[in-house]
Amino acid sequence: MAAPAHLEPRLLCAFVTVADELHFTRAAARLYVAQQALSRDVRRLERELGCELFVRTTRQVALTADGERLLPYARAVLQAQDDLLAAAGQARPLLVDLNSPGLRTPRQVLHRARELMPGHELMARYESGLTWAAAELLAGRLDASFGRFAGLAPALRSGLAQQPVRYEPMAVVLPVDHPLAPLTEVPLASLAGETVYAGAGNPRTPEWTDLARQLFQGRGITLAPPAPLAVGEEEFQRVMARTRHPILAVVDFPPLPSTVLRPLVDPVPLSPVSLVWRKGIVHPALEGLRRAAAAVGAERDWLRMPEEGWIPASDSVVMASP
């Protein structure tokens, strides 16, 4: 028996159906094909395998010894094909990085996407920075993330796509007894002479540190040196309580004990947030996530630049793109 280079599943299906029915007319009816076409497929399979699969007489159809031997293998191949098609039809979860558990912007988008796509599973992940998440996106271990796209290295951006989501106003976290804590808003000029923490040294968030560096430039604000990388909210609070540096944040930053959160003004610095995903990804829930980002952004006017808003020029270009 010669082994062919490949076999069409249709031919195996014809063989198995005739073997089940032992009658070409009934098998053709089951497959919704003409009997002549079914007979041609079976004979073609026999030629390709180099053996006879059925003994045909005017009264009956019976499997040959070769047909009996090959039948379980043909069934296994067809079952594997069914399993493959079922797996393809059941989309795996869309893995969405929300950066940190307390940040509201990506969480609101994810919640809306789940409402729009109730038949799909969208699962949250927390990678704590777009630079780190970008590498995971490109490796296929994440599907989408949020953050400052312009702050990524060109090599990372080249494999990713983005959709602007929000100009998120920035804020400062101050110890409750800090001289600026009584203010309802903190003018940037009042931070002159301060040392402000913005994630320096954290390999997951260099795009955030770069944004802070550009914001502080020429304003007399010092970027705090690297602190020990704190994993988890409790450790972050402990390290920040020890250094007592103000922390650059966004207005939706989660509360920390013994601190106050104050929006920054004059100008209003903005954190440009994009939805980011790997180019070429195919997943039905990704379109739902994109629609959710657009819908929530429109409802909350997230992409309206405040009159006194500030972002770097590179971010203006990114956020103006579709």
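Structure: see above.
These lines cover the structure that appears in this document, whether it is placed above or below. Since this is a predicted model, take the numbers as computed values, not measurements.

1. Focus: the overall build of the chain
What the chain contains, in helices and strands, is eleven helices and 13 strands. By the compact-globule yardstick of 20 Å for 322 residues, the chain is too spread out, its C-alpha radius of gyration being 31 Å. Over its C-alpha atoms, taken along the principal directions, the chain stretches across nearly 100 × 35 × 35 Å. Scored against the burial criterion, the 322 residues of the chain give a buried share of 45%. Counted over contacts in the chain with a minimum sequence separation of 6, partners at least 24 positions apart contribute 75%.

2. Quick look at helix α10 (residues 284-300)
Helix length check: α10 (17 residues) gives 25 Å between terminal C-alpha atoms against 24 Å at 1.5 Å per residue, within 8%. Those residues of α10 that fall on the buried side of the exposure criterion are Ala285, Leu286, Gly288, Leu289, Ala292, Ala293, Val296 and Gly297. Axial view of α10: buried residues confined to an arc of 160 degrees, hence all on one face. Positive phi shows up at Asp301, right after α10, with a value of about 60 degrees.

3. A look at a negative patch on the surface
Taken together, the side chains of Glu185, Asp266, Glu307 and Glu308 make up a negatively charged region of the molecular surface. Mapped onto the fold, Asp266 is located in the loop between β11 (259-265) and β12 (268-278). On the basis of relative accessible area, Asp266 is assigned to the exposed category, the value being 55%.

4. Regarding the pattern of salt bridges
Where charged atoms from two side chains of opposite charge approach closely, those side chains can pair. The final tally for this structure, using the stated rule, is 22 salt bridges. Close ionic contact of Arg166 with Asp252 constitutes a salt bridge, the shortest N to O distance being 2.9 Å. Taken as a pair, Arg166 in strand β6 (residues 160-175) and Asp252 in the loop between β10 (247-250) and β11 lie far apart in primary sequence, 86 residues in all. Ionic pairing is found between Glu299 and Arg300, a salt bridge with its closest N-O pair at 3.4 Å. Given the relative accessible area of 40%, Arg300 is considered partly exposed.

5. Let's talk about the packing of helix α2 (residues 24-31) against helix α3 (residues 35-49)
Packing of α2 against α3 brings their axes to within 9 Å, and their N-to-C directions diverge by 100 degrees. In terms of orientation, α2 and α3 fall into the roughly perpendicular class. Contacts between α2 and α3 involve Phe24, Thr25, Ala27, Ala28 and Leu31 on the former and, on the latter, Gln35, Leu38, Ser39 and Val42. Its residues placed into classes, the contact of α2 with α3 shows six nonpolar, three polar and no charged.

6. Section: the packing of aromatic side chains
One pass over the full model with this rule turns up two aromatic pairs. Between the aromatic rings of Phe24 and Phe54, the centroid separation amounts to 6.2 Å while the plane-to-plane angle is 70 degrees, which identifies the pairing as edge-to-face. Of the two residues, Phe24 sits in helix α2 while Phe54 sits in strand β1 (residues 54-56), which places them 30 residues apart along the sequence. Phe54 matches Phe24 in its accessibility class, with the two residues each being buried. Ring pairing ties together the aromatic residues Phe15, Phe24 and Phe54, which thus form one cluster. If you follow Arg204 out to its NZ or CZ, it ends over the ring of Trp132, 4.1 Å from the centre.

7. Focus: the state of the cysteines
Applying the stated criterion across every chain, the model contains zero disulfides. Free of any disulfide, Cys13 has its nearest neighbouring cysteine sulfur in Cys51, separated by 18 Å. On the basis of relative accessibility, which here comes to 10%, the residue Cys51 falls in the buried class.

8. Looking at the side chain of Arg166
By relative accessible area, Arg166 is classed as buried at 10%. Within the structure, the side chain of Arg166 is placed 2.7 Å from the side chain of Thr105, a separation counted as a polar contact. Here Glu168 takes part through its side chain, which lies 3.4 Å from a polar atom of the side chain of Arg166. Here Arg166 is in contact with Thr105, Val251, Asp252, Ser271, Pro272, Val273, Trp302, Leu303 and Met319, once residues within four sequence places are set aside.

9. A closer look at the packing of helix α5 (residues 104-116) against α10
In contact at an axis separation of 8 Å, α5 and α10 are set at 120 degrees when each is read in the N-to-C sense. Comparing the axis directions of α5 and α10 gives the class oblique. In this structure, the crossing between α5 and α10 has a hand that is right-handed. Here Gln108, Val109, Leu110, Arg112, Ala113 and Leu116 of α5 come into contact with α10, specifically with Gly288, Leu289, Arg291, Ala292, Ala293, Ala295, Val296, Glu299 and Arg300. By residue class, the composition of the contact of α5 with α10 is nine nonpolar, two polar and four charged.

10. What about the pairing of β6?
Counting buried positions along β6 yields 15 of 16 residues, so the element is predominantly enclosed. Sheet topology places β6 next to β12; nine bridges connect them, and they run antiparallel. Paired with Arg166 across the two strands is Val273, which belongs to β12. Bridging between β6 and β11 involves five bridges; their strand directions are antiparallel. Looking at β11, one finds that Ala171 is bridged to Pro263.

Analysis parameters
Residues numbered from 1 in each chain as written. Predicted model: local features only at pLDDT ≥ 70, side-chain atom pairs only at ≥ 80, totals over all residues. Heavy atoms only, no water. Helix = DSSP H or I, 4+ residues; strand = E, 2+ residues; numbered from the N terminus. Rg over C-alpha atoms; globule rule 2.2 N^0.38 Å. Buried < 20%, exposed > 50% of the residue type's maximum accessible area, 1.4 Å probe, protein only. Contact = heavy atoms within 4.5 Å. Expected span 1.5 Å × (residues − 1). Arc of directions from axis to C-beta. Patch = residues over 30% accessible without salt bridge, like charges linked within 9 Å, V, L, I, M, F, W, Y side chains within 5 Å. Areas by Shrake-Rupley, 256 points an atom, 1.4 Å probe, with all protein chains shown as cover. Salt bridge = Lys/Arg side-chain N within 4 Å of Asp/Glu carboxyl O. Lys, Arg positive; Asp, Glu negative; His and termini not counted. Charge placed at Lys NZ, Arg CZ, Asp CG, Glu CD. Axes fitted to C-alpha atoms, helices over the stretch in contact; angles between N-to-C directions. Parallel < 35°, antiparallel > 145°, perpendicular 65-115°, else oblique. Nonpolar A, V, L, I, M, F, W, Y, C, P; charged D, E, K, R; others polar. Phe/Tyr/Trp six-rings, centres within 6.5 Å; stacked < 30°, edge-to-face > 60°. Lys NZ or Arg CZ within 6 Å of the ring centre and 35° of its normal. Disulfide = S-S within 2.5 Å. Polar contact = N/O pair within 3.5 Å; in protein donor to acceptor, adjacent residues only side chain to side chain. Left-handed = near helix turned anticlockwise from the far one by under 90°. Pairing = 2+ DSSP bridges.

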